[in-house]
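Examining the three-dimensional arrangement
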Amino acid sequence: MARLVGVADVWGELTLIPGDGGRRSRRGFAYQDAVTLLACLDMEKLGHTRISWEDLEDIQCARGDVPIYKQVKTQEGAQTRFSIASICRAEKNKDPHTSILGKLFSGKPLPDGASFVLVVNETPGADLYCFVSANDGRDRSYLEDHKRDIVTRLDGLTVSDGRDLAWCADRFEVEIRQRDIEDVENDALRKLEPHAVGMLRAAPLISELDNALTAILTCIAREARAKEVTTWTAEEFHTKLQSCISKAIGVGQNGELQPLIPLRDKLAPAGVSEAEAARIADTMTRFRRLYRSSVGLQQETFNDLSDDIHAICTEVMAKRRGGEISAGAESYMKTLEQVKNLPQVISGEIPLRHAHALLSDITARCQNRYADAS
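Residues numbered from 1 in each chain as written. Predicted model: local features only at pLDDT ≥ 70, side-chain atom pairs only at ≥ 80, totals over all residues. Heavy atoms only, no water.

A closer look at the nonpolar core
In this structure, Leu37, Ile51, Trp232 and Phe237 are the most contacted members of the largest nonpolar core, which totals 40 residues. For this core, the secondary-structure elements that each account for two or more residues are helix H1 (31-41), strand S1 (50-53), strand S2 (59-63), strand S3 (66-73), strand S4 (115-120), helix H7 (181-200), helix H8 (206-225) and helix H9 (234-249). (Core = buried A, V, L, I, M, F, W, Y, C linked by side-chain atoms within 4.5 Å. Buried < 20%, exposed > 50% of the residue type's maximum accessible area, 1.4 Å probe, protein only. Helix = DSSP H or I, 4+ residues; strand = E, 2+ residues; numbered from the N terminus.)

Right, dumping it as structure tokens:
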């Protein structure tokens, strides 16, 4: 439902001109979600003060009160490359408002300094390539001609705030992102790592970074589907990112691993006191750091042990729910006995303290319980 909006409404209104999210990754996220995350990660570097998405455009950045409207379009490599003709071509009834560029330019406030960006995943045709902002070596000799071409092709398009098409074309740029969403996500992983290092005070595991990436992308995708438009300042994004990293890696914002509260709650039905739980959590914390620093054969050994302990937890939980084992202390004791009798523990390949610490880690992170919630 289109509405008339003023400059003051740029950050509080929702319009219904969605872009195409494009292809999806193996994780299930849309290309547009990943590009939105990159925009958030680059917010401070680029001097942006706010970002929203699925608002007046696919992505909307701002420097102060000046909006930067970004529309995301993807295409497969075998298709004809984007050109001025294709992005100005009307999709319905020869109406320029239904073209890619018509949607980008129209239906939104245009205060002084506003700009437009078309984000694509393939190198565009030569005429559109003139508008690529990141290519300092581009041929600008025909840029003015191409701007006039845009104005001609969009004849009949009306834009807000007394602006004209020439004004819009002067403020239009093209941004080329990676071709595949996996490459965009890998770029995001590289940008995420310094944030995780700042919290861990150590290099995170690849799996931990991947979990953090999935958590923040899930948040962005969920907010994109919400009825209310989400707007993040740089500080709000940083807070959200820290929360996602903390949940994914099990680390607090002060750099300390903080699993005690959930672990304590899970151990309480087994008769473990808070003091005992605190000692168990401390052992687990030290083991997590050991695991994080392990490589090669040692890490494979820990991973194999983790699989075995997961299997034990699943078996004990099934027997408890089947009535063969009582909940609470007996379930805990049976789990500890089976862990103690693992071949790699009996042989001394894995110290018992490490096996117990890994059991605690699994209990803290996963669904292992010694009694079901009442």
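Considerations on unusual backbone geometry
Phi at Glu54 takes a positive value of approximately 55 degrees, unusual for a residue other than glycine. Along the chain, Glu54 falls in the loop between S1 and S2. Residue classification places Glu54 among the partly exposed positions, given a relative accessible area of 22%.

Overview of H8
Here H8 spans 29 Å end to end across 20 residues, near enough to the 28 Å set by a 1.5 Å rise per residue. Taken as a whole, H8 has its buried residues at Glu208, Leu209, Ala212, Leu213, Ile216, Leu217, Cys219, Ile220 and Ala221. (Expected span 1.5 Å × (residues − 1).)

A closer look at the packing of helix H12 (residues 296-321) against helix H13 (residues 329-340)
Describing two packed helices takes the angle between their axes plus the distance from one axis to the other. One can describe the packing of H12 onto H13 by two numbers: an axis separation of 10 Å at closest approach and a directional angle of 150 degrees. Relative to H13, the crossing made by H12 is right-handed. Across the interface between the two elements, Ile309, Ile312, Cys313, Glu315, Val316 and Arg320 from H12 touch Ser331, Thr335, Gln338 and Val339 from H13. The class makeup of the residues in the contact of H12 with H13 is 5 nonpolar, 3 polar and 2 charged. (Axes fitted to C-alpha atoms, helices over the stretch in contact; angles between N-to-C directions. Left-handed = near helix turned anticlockwise from the far one by under 90°. Contact = heavy atoms within 4.5 Å. Nonpolar A, V, L, I, M, F, W, Y, C, P; charged D, E, K, R; others polar.)

Concerning the pattern of salt bridges
In this structure the tally under the stated criterion is 17 salt bridges. Two residues, Asp42 and Lys191, come together in a salt bridge whose shortest N-O distance is 3.2 Å. Of this pair, Asp42 sits in the loop between H1 and S1 while Lys191 is found in helix H7, placing the two residues 149 residues apart along the sequence. Since its relative accessible area comes to 10%, Asp42 is described here as buried. Between Lys103 and Glu91 there is a salt bridge, with its nearest N and O atoms 3.4 Å apart. Separated by 12 residues along the polypeptide, Lys103 in helix H3 (residues 100-105) and Glu91 in the loop between helix H2 (84-88) and H3 bring together distant segments of the chain. Taken together, the shared-partner salt bridges in this structure form one network comprising Asp42, Lys70, Glu175, Arg177 and Lys191. (Salt bridge = Lys/Arg side-chain N within 4 Å of Asp/Glu carboxyl O.)

Digging into the packing of aromatic side chains
Taken as a whole and judged by the stated rule, the model has 8 aromatic pairs. Geometrically, the ring pair formed by Tyr332 and Tyr370 is edge-to-face, given 4.9 Å between the ring centres and 65 degrees between the ring planes. In this pair, Tyr332 sits in helix H13 while Tyr370 sits in the segment after helix H15 (352-365), placing the two residues 38 residues apart along the sequence. Residues Tyr332 and Tyr370 agree in their burial class; the two are buried. Taken together through their ring pairs, the aromatic side chains of Tyr69, Phe105, Phe116, Phe131 and Phe172 make up a single cluster. (Phe/Tyr/Trp six-rings, centres within 6.5 Å; stacked < 30°, edge-to-face > 60°.)

Considerations on the pairing of S4
Regular strands have side chains that alternate between both faces of the sheet. Most of S4 is tucked away, with 6 of its 6 residues classed as buried. Residues Ser115, Val117 and Val119 line one face of S4 and the alternating positions Phe116, Leu118 and Val120 line the opposite face, and both faces are buried. Bridge analysis of S3 against S4 gives 6 bridges, and the strand direction is parallel. Looking across to S4, one finds that Lys73 is bridged to Val120. (Pairing = 2+ DSSP bridges.)

Observations regarding helix H5 (residues 143-153)
Looking only at H5, the buried set comprises Leu143, His146, Lys147 and Ile150. End-on view of H5: buried residues confined to an arc of 105 degrees, all on one side of the axis. The outward face of H5, more than 90 degrees from its buried face, is lined by the exposed residues Arg148 and Thr152. For H5, the secondary structure elements touched by its buried residues are H2, H3, helix H4 (126-129), helix H6 (165-170) and strand S5 (172-176). (Arc of directions from axis to C-beta.)

Examining the packing of H8 against H9
Between H8 and H9, whose axes approach to 8 Å, the crossing angle comes to 130 degrees. Viewed along their axes, H8 and H9 adopt a mutual orientation that is oblique. Note that H8 runs across H9; the crossing there is right-handed. Only Phe237, Lys240, Leu241, Cys244, Ile245, Ala248 and Ile249 of H9 make contact with H8, whose side of the interface consists of Glu208, Asn211, Ala212, Ala215, Ile216 and Cys219. (Parallel < 35°, antiparallel > 145°, perpendicular 65-115°, else oblique.)

Side note on the environment of Asp149
Looking at the secondary structure, you find Asp149 in helix H5. Asp149 sits 61 residues away from Cys88 along the chain, and the two C-alpha atoms are 9.6 Å apart.

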